[in-house]
Amino acid sequence: MFNSSSIHGPIVDREKLQDWSRIALVLAMTFCALTASAQEPPKYFEQDVKDSNPLRAEQAKELDEYILKLKFDQSRLKKLLPDDYSSVAAYEKSAERYRQAFCDSIGYPPPGDVPSTEPSFRQIGEDSIGTYYRAMIPILPGVHAEGIYIIPKSLKPGEKAPLIISMHGGGGSPEVALFHGGANYHDMVRGGVKRGYVVFAPQHLFSAEGYPKDIRNRTDERLRLVGTSLTAVEIAKITRSLDVLLKRPEVDADRVGMVGLSYGGYYALVTPAVDRRIKVSVCSCYYGVQESRYQRDEFSVPSDFKFKDRFTLFRDSDIPAIICPRALQVQAGLNDGVDHRDGGKPLAPVSASFYSRLGLSDRFEHLIFEGGHEFHDQTAWDFVKKHL
């Protein structure tokens, strides 16, 4: 008898075999593909790094041009400068926004309350013209102002005299400016005493035994990291000293002047800009120096003059806008270095314009005297006498 299963059975087995063969083939191919991909890394897009060098050069060029544009952009300054010349009172009111912007730039006032510790005045000597005291005045937590305070012998009991702040220069001290002829300060300290003024000669930080030679720059950089600056702290050493000194019985609190040479000239510019109690100031051998350096080489400017917007909003030519209408004399020695001698020449007309527009031209002077890097006594004290 014929049996169909004997025919169809083997056929089915062959079909199953073919199916399994196909599956095995697919698995083998997949395995091979996976093995190959595991052995060969993927190919990414690559380019030679130097091919993009022109883009980095373009970036530097763009930023350079942007900085140059900001250097010469006057629009922000115009919005801040005093603009109401209708009266002295109106002018002073319109100057407040510029004064506040300057204070914000340098971090003034520095953080911290004035300590309750009493100031001390210890007599250290006397001579025919005055009695000398070592003054120690707390101004910030753990920080005090220190200097030499001199009361003239010509002052009669019960009388009051004007107060002069006499600020030494870079690397100096009250002692250098006062004793043994006063070096290039001449009579910048004793000259006030001789004329019957009470004088306070503060000490600012330039060197200190046991500390690095660049202690000033280090201190300034550290202060900037905590929200203020050495400029702000040293202004505060003067202004908060005034809070104490103007209460003393021998001082006429309405008659305060300031004189300073070199670095001291810097403070004779920025301190009255902040404190309106200073009625007259003499800035000797400083005005325009940093502007001259900056124009020649931006990186030649010392670090403590590099506060925010120093050369866009707060140039030496513009700072007198917040000293005006109070009197300011700027001195420069004919034989001083080129930056000290010539730096102020293009700036002085700008400063003078704030005064002239108020009809107060005699309250601003730009004097180039016969001499070097030194305080010009006679013209300074004549100016102080006239306006104090």
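Data block above holds the structure.
First things first, this report covers the structure right here in the doc. From a predicted model like this one, the values you see are computed outputs, not experimental measurements.

Core analysis: the biggest nonpolar cluster contains 74 residues, and Phe-102, Tyr-149 and Leu-163 have the highest contact counts within it. Core analysis: the second largest hydrophobic core is formed by 26 residues, Ile-164, Met-188, Val-199 and Cys-285 among them.

The peptide bond linking Tyr-108 to Pro-109 adopts the cis configuration, its omega dihedral lying at 0°. By secondary structure assignment, the location of Pro-109 is in the loop between helix H4 (88-106) and strand E1 (120-126). Note that the residue after Cys-324, namely Pro-325, is joined by a cis bond; omega there is 15°. Among the secondary structure elements, Pro-325 is positioned in the loop between helix H10 (289-296) and strand E8 (327-333). A positive phi angle is found at Asp-309, which is not glycine, with a value near 65°. By the element assignment, Asp-309 lies in the loop between H10 and E8.

A word on the pairing of strand E3 (residues 143-152). The buried fraction of E3 is high, at 8 of 10 residues. Two elements, E3 and strand E5 (residues 198-202), share 4 bridges in a ladder whose sense is antiparallel. In the sheet register, Tyr-149 faces E5, and the bridge partner there is Phe-200.

On to the sheet that holds strand E7 (residues 278-284). The sheet built from 9 strands is open, its strands ordered E1-E2-E3-E5-E4-E6-E7-E8-E9 with mixed pairing. Looking at strand neighbours, the two that pair on one side only are E1 and strand E9 (364-369), the edges of this open sheet. Ignoring strand direction, the axes of neighbouring strands in this sheet form an average angle of 20°. Where strand E4 (residues 161-167) lies against strand E6 (residues 251-261), 6 bridges are found, and the strand directions are parallel. Within E6, the position partnered with Ala-161 by the bridge is Val-251. Packing of helix H12 (residues 348-356) onto the sheet brings it into contact with E8 and E9, and relative to E9 it is tilted by some 150°.

A word on helix H13 (residues 377-387). Those residues of H13 lying buried are Asp-377, Ala-380, Trp-381, Phe-383, Val-384 and His-387. What you see down the axis of H13 is that its buried residues fit within an arc of 155°, all on one side. Projecting away from the buried face of H13 at angles above 90 degrees are the exposed residues Lys-385 and Lys-386. Against E4, helix H6 (190-194), E6, E7, E8 and E9 lie the buried residues of H13.

Contact geometry for H4 and helix H9 (residues 263-274): axes closest at 10 Å, N-to-C directions at 120°. When the axis of H4 is compared with that of H9, the two are oblique. Read as a crossing pair, H4 and H9 show a hand that is left-handed. Residues Arg-99, Phe-102 and Cys-103 of H4 form the contact with H9, whose participating residues are Val-270, Ala-273 and Val-274.

Cut-offs applied
- Residues numbered from 1 in each chain as written.
- Predicted model: local features only at pLDDT ≥ 70, side-chain atom pairs only at ≥ 80, totals over all residues.
- Heavy atoms only, no water.
- Core = buried A, V, L, I, M, F, W, Y, C linked by side-chain atoms within 4.5 Å.
- Buried < 20%, exposed > 50% of the residue type's maximum accessible area, 1.4 Å probe, protein only.
- Helix = DSSP H or I, 4+ residues; strand = E, 2+ residues; numbered from the N terminus.
- Pairing = 2+ DSSP bridges.
- Axes fitted to C-alpha atoms, helices over the stretch in contact; angles between N-to-C directions.
- Contact = heavy atoms within 4.5 Å.
- Arc of directions from axis to C-beta.
- Parallel < 35°, antiparallel > 145°, perpendicular 65-115°, else oblique.
- Left-handed = near helix turned anticlockwise from the far one by under 90°.

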